[in-house]
Number of protein chains: 2
Amino acid sequence: MRIPLERKVLNENDRIAAGLRERFRERGVFCLNLISSPGSGKTSLLERTLEGFDKSRRVAVLTGDIQTDNDARRLARFGFPVRQITTGGACHLDARMVADHLGDWENFELLLIENVGNLVCPTSYDLGEDAKVVVLSVTEGEDKPLKYPGIFRRSELMIINKIDLLRHVPFRMDLARENARRINPRIEIIATSCTTGAGLGHWMNWLADRAGKKVRAAPSQEVVHALSGT
Amino acid sequence: MRIPLERKVLNENDRIAAGLRERFRERGVFCLNLISSPGSGKTSLLERTLEGFDKSRRVAVLTGDIQTDNDARRLARFGFPVRQITTGGACHLDARMVADHLGDWENFELLLIENVGNLVCPTSYDLGEDAKVVVLSVTEGEDKPLKYPGIFRRSELMIINKIDLLRHVPFRMDLARENARRINPRIEIIATSCTTGAGLGHWMNWLADRAGKKVRAAPSQEVVHALSGT
């Protein structure tokens, strides 16, 4: 009985997400949807990411939480536009929330969406993004790709975060990679620490490269300072 | 449009949960529902808990995951009966899953239910438990009670786990306690490490004490080796 309604809700979401995707394509916006458990370090990663950008870059952030605007306040101090989506109870962002909070906000080259901390529900909701990125911290255990396969199957990139803690936790990097690739053989993997800065250059390069691919795939559109620098 | 159906699903869940609660009361089963983010250490806590019980104790575990029976296999080696609930995609356990997996399993004094790793959705689903327990690990940050208030509001106990990692992460215990109590002034708090064993005695005492309270509140029923040892 629940499945048909869930389908209907998702169909409605897909319709709005398709509109967002088209809008992003027209305006040359590269959009990422970051998904992880609570406390995996999405906000810290975004802090380090914004810190790494020249202030002339047209980067924006939408950050989702059930309650509080803590994350938006943390992220706003880097000088880029940030808007908080407070879901008031919902366990995921949906395309309508993104559309409503975008408003007339569109003059960007990169839009980073930080989803609600939840490794399950956000997986099913397309936000019109170009790619999903899953963040897994080493304190969570290397079995998570097998236990929560949906998000690992749908992500282009897995960021293994908090690698500065590797000495203190029983986390096997090789096994984490193997588990993720068993679920999604094409998934890319970058290991990072927002504390030491390890891997952040690799992540920034991935971002530039992936955004550049989008621009090159649509050469006829107005290409404005793409992330690749081309 | 979604709210009425959600209510209907929850009403149906509440009906089944009320049946489970009555069944637990009749049989003298004390039941806990453990909820946390993925990787907060619920399974490790249960390992240490089972390890601490005399084999004569009538303790059972139901463990929920979206995929894999890893947790059931980890927990089975302590010699107590364990059943895995694999939700196949659902982001939470519901009362029907518990009822279906209990089957005729009821000769227990303590039933520990490990929910799917998710700090949001399991909160809304009553499983007939006597109490909810939320587990928060120090790697997740002390802001989680404010960001995910629902589960902290409904839990009798917050376990702050992985305190052996406190030296390595920017987690303020005082702030975590303050945030939890701002959401739920009556919440009890125990700090544990499953690696060093710190706080586990406190947790075992809480368990015995809380189960004893249930037995004492229903003195006319057959009291069989209650956890309090009375």
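The structure this text deals with has already been given above.
If you're wondering where the values come from, they're calculated on a predicted model, not measured in any experiment.

The next subject is the overall build of chain A. A tally of helices and strands in chain A yields 8 helices and 7 strands. Considered along the principal axes of its C-alpha atoms, chain A spans approximately 50 × 45 × 35 Å. Looking at chain A as a whole, 60% of its 230 residues are labelled buried. Taking the intrachain contacts of chain A between residues at least 6 apart in sequence as the baseline, contacts between residues at least 24 apart amount to 70%. Just so you have it, chain A exposes about 9,500 Å², and 49% of that area is on carbon and sulfur atoms.

Now for the sheet that holds strand 3 (residues 82–86) of chain B. Residues and elements named next belong to chain B. Overall, parallel pairing links the 7 strands, which are arranged 3-2-4-1-5-6-7 in an open sheet. Sheet topology places strand 3 and strand 7 (188–191) at the edges, where each strand pairs with a single neighbour. If you compare each strand with its neighbour and ignore which way they point, the axes differ by 20° on average. Packed onto the sheet, helix 8 (residues 200–217) meets strand 1 (30–36), strand 4 (110–114), strand 5 (131–137), strand 6 (157–161) and strand 7 and runs at close to 135° relative to strand 1.

Ranked by internal contacts, the top residues of the largest apolar core, which has 91 residues, are Leu111(A), Met158(A), Ile160(A), Leu111(B), Met158(B) and Ile160(B). Contacts of Met158(B), omitting those with residues within four sequence positions, involve Val134(B), Leu136(B), Phe152(B), Ala176(B), Ala180(B), Ile187(B), Glu188(B), Ile189(B) and Ile190(B).

Our next topic: the interface of chain A and chain B. Counting from both sides, the interface comprises 35 residues of chain A and, opposite them, 35 residues of chain B. Summing both partners gives a buried area of about 2,900 Å² for chain A against chain B, and 62% of it is carried by carbon and sulfur. At the boundary of chain A with chain B, the tally comes to 4 salt bridges. Where chain A meets chain B, there are 10 residue pairs in polar contact (both at pLDDT 80 or more). Residue assignment for the side of chain A that touches chain B shows that the elements contributing at least two residues are helix 1 (2–27), helix 3 (70–76) and helix 5 (144–147) of chain A.

Rotating chain A by 180° and moving it 0.0 Å along the rotation axis overlays it on chain B with an RMSD of 0.0 Å. Taken together, the rotation and translation describe the operation of a two-fold axis.

Right, let's talk about helix 2 (residues 42–51) of chain B for a bit. Counting buried positions along helix 2 of chain B gives 7 out of 10 residues, so the element sits mostly inside the fold. Every buried residue of helix 2 of chain B is accounted for by Lys42(B), Thr43(B), Leu45(B), Leu46(B), Glu47(B), Thr49(B) and Leu50(B).

With that out of the way, let us pick up the pattern of salt bridges. Residue and element names in this part refer to chain A. This model, assessed by the stated rule, comprises 38 salt bridges over all chains. Here Glu-12 makes a salt bridge to Arg-15, at a shortest N to O gap of 3.2 Å. With Glu-12 and Arg-15 both in helix 1 and 3 residues apart, this pair spans about one turn of that helix. On the basis of relative accessible area, Arg-15 is assigned to the exposed category, the value being 52%. For Asp-69, the salt bridge identified is with Arg-73, shortest N-O distance 3.1 Å.

So, about the pairing of strand 7 of chain B. Two faces make up the sheet, and in a regular strand the side chains alternate between them. With 4 bridges joining them, strand 6 of chain B and strand 7 of chain B adopt parallel strand pairing. Across the sheet, Ile160(B) pairs through a bridge with Ala191(B), a residue of strand 7 of chain B.

The rules we used
- The numbers attached to residues start from 1 for each chain and follow its sequence in the written order.
- Chains carry letters and ligands carry numbers; both start at the beginning, A for chains and 1 for ligands, and go up in the order they are written.
- Owing to the predicted nature of the model, reporting of local features is limited to residues with pLDDT of at least 70; listing and counting of side-chain atom pairs is limited to 80 or more, with chain, interface and lining totals taken over all residues.
- By convention in this description, side-chain values take in all heavy atoms of the structure and omit both hydrogens and water.
- Segments assigned H or I by DSSP are reported as helices when at least four residues long, segments assigned E as strands when at least two residues long, and all are numbered from the N terminus.
- Categorising residues by exposure relies on relative accessible area from a 1.4 Å probe, with only protein chains included: less than 20% of the type maximum marks a residue as buried, more than 50% marks it as exposed, and the intermediate range marks it as partly exposed.
- Contacts between residues were defined by any pair of non-hydrogen atoms, one from each residue, lying within 4.5 Å.
- Residue-level accessible areas treat just the shown protein chains as cover; the underlying method is Shrake-Rupley with a 1.4 Å probe.
- Strands are treated as partners if at least two bridges between them are detected by DSSP.
- What counts as an axis is a line fitted to C-alpha atoms, over the stretch in contact for a helix, and the angles between N-to-C directions run from 0 to 180 degrees.
- In plain words, nonpolar cores are sets of buried Ala, Val, Leu, Ile, Met, Phe, Trp, Tyr and Cys residues tied together by side-chain atoms within 4.5 Å.
- Defined in terms of a 1.4 Å probe, buried area is the accessible area two parts forfeit on being brought together, summed over both.
- The term salt bridge refers to a side-chain nitrogen of Lys or Arg lying within 4 Å of a carboxyl oxygen of Asp or Glu.
- Residues adjacent in sequence count toward polar contacts only when both atoms are side-chain atoms; beyond that, a polar contact is any pair of N or O atoms within 3.5 Å, and within protein one must be able to donate a hydrogen and the other to accept it.
- For this overlay, a least-squares fit was computed on C-alpha atoms, restricted to residues scoring pLDDT of at least 70 in both copies.

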